[in-house]
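# Fold and contact review
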Amino acid sequence: MMVKTEKNVSKEKQAAIDYMNDIYEAVKERDPHETEFLQATKMLFDSLIPVFVKNRTYKDHNILERIIEPERVISFRVPWIDDEGVVQVNRGYRVQFNSALGPYKGGIRFHPSVDLSVIKFLGLTQIFKNSLTGQPIGGGKGGADFDPKGKSDNEIMRFCQSFMTELYRYIGPDTDVPAGDIGVGKREVGYMFGQYKRLQGAYQAGVLTGKGLNYGGSLGRTEATGYGTIYFVEEMLKDLRMDFHNLNLIASGSGNVAIHAMDKAIKLGAKVVACSDSNGFIYDKNGLSLQTIQRIKVDEGGRIKEYIDFHPEAEYFDDCSEIWSVPCDIAIPCATQNEIDEASAKTLVQNGVKVVAEGANMPCTMDAINTFIENDILFGPAQAVNAGGVACSALEMAQNSARLNWTFEQVDEEIKKIMKNIYRNCKRASNKYGSPGNLVVGANIAGFTKVADTMIEQGAI
Ligand code: NDP
Ligand code: 2IT
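Residues numbered from 1 in each chain as written. Chains lettered and ligands numbered in written order. Predicted model: local features only at pLDDT ≥ 70, side-chain atom pairs only at ≥ 80, totals over all residues. Heavy atoms only, no water.

### Thoughts on the overall build of the protein chain
The condition that has to hold: For helices the rule is a DSSP run of H or I covering at least 4 residues; for strands it is a run of E covering at least 2, with both sets numbered from the N terminus onward. Here the globule rule is a power law, 2.2 Å times the number of residues to the power 0.38, and the radius of gyration is based on C-alpha atoms. Accessible surface area values rest on a Shrake-Rupley calculation with a 1.4 Å probe, where residue burial reflects the displayed protein chains alone.
On a plain count of helices and strands, the protein chain comes out with 17 helices and twelve strands. For 461 residues, the compact-globule formula gives about 23 Å, and the C-alpha radius of gyration of the protein chain, at 21 Å, lands near that figure. Projected onto its principal axes, the C-alpha coordinates of the protein chain cover approximately 65 × 55 × 40 Å. Surface accessibility of the protein chain: about 19,300 Å² in total, with carbon and sulfur atoms responsible for 47%.

### Here we look at the packing of aromatic side chains
In this description, a pair of aromatic rings is defined by centroid distance and the angle of the planes. To keep things clear, this is the line we draw: Centre distance within 6.5 Å is the pairing criterion for rings of Phe, Tyr and Trp, where only the six-membered ring of Trp is used; planes under 30 degrees apart are then read as stacked, over 60 as edge-to-face, and the remainder as tilted. As a reminder, the over-ring test applies to NZ of lysine and CZ of arginine, requiring each to be within 6 Å of the ring centre and within 35 degrees of the ring normal.
Tallied over the full model, the rule gives 20 aromatic pairs. Measuring from centroid to centroid gives 5.0 Å for Phe 110 and Phe 159, while their planes differ by 90°, and the two rings are edge-to-face. Residue Phe 110 is found in strand β3 (residues 104-110), and its partner Phe 159 is found in helix α6 (residues 153-167); the two are separated by 49 residues along the sequence. Through pairs of rings, three or more aromatic residues link up here, namely Phe 76, Trp 80, Phe 110, Phe 146, Phe 159 and Phe 163. The ring of Tyr 227 has Lys 264 lying over it, and the distance from NZ or CZ to the ring centre is 4.5 Å. Against the face of Phe 310 rests Arg 295, its NZ or CZ located 4.9 Å from the ring centre.

### Focus: the pairing of strand β1 (residues 72-81)
The cut-off we apply is this: Strand pairing requires that DSSP identify at least two bridges connecting the strands.
Of the strand pairs in this sheet, β1 and strand β2 (residues 87-98) are connected by ten bridges, and their pairing is antiparallel. What sits directly across from Ile 74, in β2, is Arg 94. What sits between the antiparallel neighbours β1 and β2 is a turn of five residues, in which Gly 85 has the positive phi angle 85°.

### Quick look at the sheet that holds β2
The strands that make up a sheet pair up through hydrogen bonds in the backbone, lying either parallel or antiparallel. Operational definition: Whenever a helix is involved, its axis is fitted only over the stretch in contact; in every case the axis is a line through C-alpha atoms, and angles between N-to-C directions fall within 0 to 180 degrees.
Here we have five strands laid out as an open sheet, ordered β1-β2-β4-β3-β5, and mixed in their pairing. Either end of the sheet is taken by a strand with one partner, and the two such strands are β1 and β5 (176-179). Each neighbouring strand pair of the sheet contributes to a mean axis angle of 20°, computed without reference to strand direction.

### Quick word on empty space enclosed by the protein
The cut-off we apply is this: Here the term cavity refers to a set of points on a 1 Å grid, laid over the protein atoms alone, in which a 1.4 Å probe fits but cannot get out; the term pocket refers to an open set having protein on both sides within 12 Å along at least five of seven lines, with lining residues being those that place an atom within 4 Å of a point. Grid points are joined across faces, edges and corners, and a volume is the space filled by probe spheres set on the points. When residue character is reported, Ala, Val, Leu, Ile, Met, Phe, Trp, Tyr, Cys and Pro are called nonpolar, Asp, Glu, Lys and Arg charged, and the others, Gly included, polar.
Tallying each qualifying case throughout the model produces one cavity of 30 Å³ or more. Here the lining of the largest cavity gets four residues from one element, more than from any other, and that element is helix α8 (residues 221-239). For the lining of the largest cavity, the residue count by class is five nonpolar, one polar and two charged.

### Quick look at the sheet that holds strand β10 (residues 330-333)
Ordered in space as β9-β8-β7-β6-β10-β11-β12, the seven strands form an open sheet in which the pairing is mixed. Lying at the two open borders of the sheet, with one neighbouring strand each, are β9 (315-317) and β12 (378-380). Across the sheet, the axes of successive neighbouring strands diverge by a mean angle of 15°, strand direction being ignored. Sheet topology places strand β11 (residues 355-357) next to β12; three bridges connect them, and they run parallel. Of the residues in β12, the one forming a bridge with Ala 357 is Gly 380.

### As for the environment of Val 441
Here is the rule we go by: Each residue gets one of three labels from its accessible area relative to the maximum for its type: buried under 20%, exposed over 50%, partly exposed in between, using a 1.4 Å probe on protein chains only. We call two residues contacting when some pair of their heavy atoms lies within 4.5 Å.
Turning to its location among the elements, Val 441 is positioned in helix α17 (residues 439-457). Take Val 441: its relative accessible area is 9%, and that puts it in the buried class. For the pair formed by Val 441 and Ser 276, sequence separation is 165 residues and the distance between their alpha carbons is 29 Å. Those residues in contact with Val 441 that lie beyond four places of it in its chain are Ser 47 and Ser 435.

From the geometry alone we can't say anything about function, so treat these as descriptive.
Right, dumping it as structure tokens:
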């Protein structure tokens with residue numbers, strides 16, 4: 001059963017719940033082992049119930065059955081030669097999920113946990129995130145179960161080249177435009193771009209985003225997801241008649257999203273007291289030094305525990321999931337999926353958290369989200385909160401098409417506008433559909449209805 005049984009449910013609502021349960025069960029029967037994808041599907045369906053109560057059109061057009069099935073799934077072998085001369089093999093994926101609004105758009109993740117379920121959940125949520133940005137981009141995602149940790153620069157390059165040797169035939173500036181995600185940053189995008197250019201025999205700058213600044217990358221893209229996250233939180237705080245001053249913030253992760261979110265939060269007056277990597281977390285009640293974190297993680301590719309070598313006043317704990325026991329006003333999970341479960345959510349609530357915003361994709365389990373909502377904690381869902389990254393990618397595509405470069409200030413201003421707009425639209429949709437303040441419902445409905453309406457306009461494809 002998808003939705004908890006409620007008393008006094010209207011006939012119309014029960015019919016919508018039954019209808020959506022049937023579709024969910026069919027998805028589950030088809031791919032029972034895709035746990036992350038099923039989780040994302042369930043979260044989406046739960047939010048959409050009010051839409052299906054109010055509106056028959058989407059049911060008449062079988063939108064749910066269509067939207068939940070990717071337009072195309074590509075899976076391929078990625079052979080590469082390690083520094084010992086041994087051939088290694090990984091599995092690569094690209095899921096081209098939905099092209100109603102524009103070319104497929106979404107990142108590429110290199111992490112040992114990557115499988116089709118992970119890429120499908122990321123692809124599904126990307127559709128609605130991209131829709132929320134208001135830009136002409138469809139949804140897709142890709143990746144490989146490759147572990148970049150401990151690999152030499154040459155190994156990374158050979159892997160990226162081999163990955164692109166297969167992927168290049170499926171992508172293009174008007175077809176599918178990948179970017180970075182966990183384990184894929186400017187370096188990896190550069191190697192993939194070089195290989196794409198070589199195989200294609202043409203310089204198509206708009207085929208990838210997150211590029212280096214010398215060859216079509218956009219100023220502000222590196223910062224965009226983290227900054228956008230904080231611009232969104234700023235809007236949430238305004239609703240609580242608060243700002244960042246004197247608020248304690250904790251961020252999980254210390255990668256691209258976490259670092260730039262912490263940077264912007266500090267600039268706006270917050271105190272960042274804890275952050276982590278996959279081994280453990282650091283804590284300093286007086287505030288962490290972002291400069292040191294950046295030196296360790298960005299410049300030297302080290303581990304977060306090295307922080308205490310430079311700041312003995314800080315503490316290191318070697319279990320990253322325990323970071324949620326640190327008391328804070330704002331919690332922004334910025335590492336990976338399912339990093340906040342119900343128990344962690346309850347701890348955050350008990351410790352007085354005021355705002356939780358998902359910098360990462362699906363970092364909170366469904367029970368965790370319900371815990372926040374039931375306790376009236378203002379909660380910002382991933383597809384809205386972290387949309388600044390892909391929004392900036394779409395600005396990079398626009399700059400590439402026009403063959404010009406915007407200034408950092410122009411890009412940053414645009415991202416701020418987009419994030420404010422997303423917040424407004426989520427709030428409006430949550431009000432319109434009877435769940436005021438529930439931004440999960442608002443984000444899913446606002447993202448979904450635009451894609452669904454467009455699919456209807458484009459016919460039964
Ligand atoms: P990075 O690779 O730059 O950093 C990831 C961070 O999360 C690292 O600190 C890493 O620790 C930690 N981490 C990764 N996997 C795990 C895990 N299984 N358990 C605990 N910690 C983990 O990635 P990004 O910052 O780019 O991405 C972070 C999240 O944000 C992801 O969910 C991504 O999908 C999402 N996102 C990213 C966008 C972007 O533009 N980059 C845009 C929108 C969302 P360690 O170094 O130890 O591996
Ligand atoms: O999850 C995401 O939105 C990203 N990894 C960024 C995608 C993009 O195309 O910039």
